[in-house]
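Observations on the three-dimensional arrangement
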Amino acid sequence: LSQPEDVVHDTGVYVRWRALGVLPFFFFNALRQSLQALGSTRAIVIAVLLANLVNVAANWAFIHGNLGAPRMGTAGSGLATAIAMWAMAAMLWW
């Protein structure tokens, strides 16, 4: 698609790290759909909002190397998103 090589490389790095959160995301979606079918959406909204806060905090830590975390750049963003997916699934399961 005529993308710059550095963008293609960074995208691959991001996707590989983000892939660590695919299974919990599927689990979250199954729980979400079950709860929606039962008419219970409060837990879903809370889990999504809290997971977004986790994502923001983890991005701040892993992209820039704050709080003693390694400075990871694009890989850190993928890792932060994976962590947020795990958190979202865990919150909804709880």
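Heads up: these notes are all about the structure in this document. (Residues numbered from 1 in each chain as written. Predicted model: local features only at pLDDT ≥ 70, side-chain atom pairs only at ≥ 80, totals over all residues. Heavy atoms only, no water.)

**Quick word on the overall build of the chain**
- Check the secondary structure of the chain and you find four helices and zero strands.
- Counted from the first residue to the last, the chain has its helices and strands arranged as α-α-α-α.
- Per-residue burial for the chain yields a buried fraction of 32% across its 94 residues.
- Pairs at least 24 residues apart make up 64% of the contacts formed inside the chain by residues separated by at least 6 positions. (Helix = DSSP H or I, 4+ residues; strand = E, 2+ residues; numbered from the N terminus. Buried < 20%, exposed > 50% of the residue type's maximum accessible area, 1.4 Å probe, protein only. Contact = heavy atoms within 4.5 Å.)

**A few points about a nonpolar patch on the surface**
- Residues Val22, Leu23, Phe25 and Phe26 make up a contiguous nonpolar surface patch of about 390 Å² in total accessible area.
- Along the chain, the position of Leu23 falls in helix H2 (residues 22-37).
- For Leu23, a relative accessible area of 66% translates into the label exposed. (Patch = residues over 30% accessible without salt bridge, like charges linked within 9 Å, V, L, I, M, F, W, Y side chains within 5 Å. Areas by Shrake-Rupley, 256 points an atom, 1.4 Å probe, with all protein chains shown as cover. Salt bridge = Lys/Arg side-chain N within 4 Å of Asp/Glu carboxyl O.)

**Some thoughts on the packing of aromatic side chains**
- Summed over the entire model, instances satisfying the criterion amount to two aromatic pairs.
- Ring plane angle 25 degrees and centroid distance 6.3 Å describe the contact between Phe25 and Phe28, whose orientation is recorded as stacked. With a gap of three residues between them, Phe25 and Phe28 both fall in helix H2, about one helical turn apart.
- Ring geometry for Phe27 versus Trp93: centroids 5.4 Å apart, planes at 50 degrees, classification tilted. One end of the pair, Phe27, is in helix H2; the other, Trp93, is in helix H4 (residues 74-93), with 66 residues separating them in the sequence.
- Classification of Phe27 as partly exposed rests on a relative accessible area of 36%. (Phe/Tyr/Trp six-rings, centres within 6.5 Å; stacked < 30°, edge-to-face > 60°.)

**Observations concerning the side chain of Ser77**
- Position of Ser77 relative to the elements: it lies in helix H4.
- Given a relative accessible area of 18%, Ser77 falls into the buried group.
- Dropping the residues within four chain positions of it, Ser77 is found in contact with Tyr14, Asn59 and Ile63.

**Quick notes on the nonpolar core**
- Grouped together as the largest cluster of nonpolar side chains are eight residues: Phe28, Leu31, Ile44, Ala47, Ala51, Met88, Ala89 and Leu92.
- Elements supplying a minimum of two residues to this core: H2, helix H3 (42-64) and H4.
- Counting residues in each nonpolar core, the second largest holds six residues, with Ala58, Phe62, Leu79 and Ala80 among its members. (Core = buried A, V, L, I, M, F, W, Y, C linked by side-chain atoms within 4.5 Å.)

Purely spatial values, then, with no claim about function.
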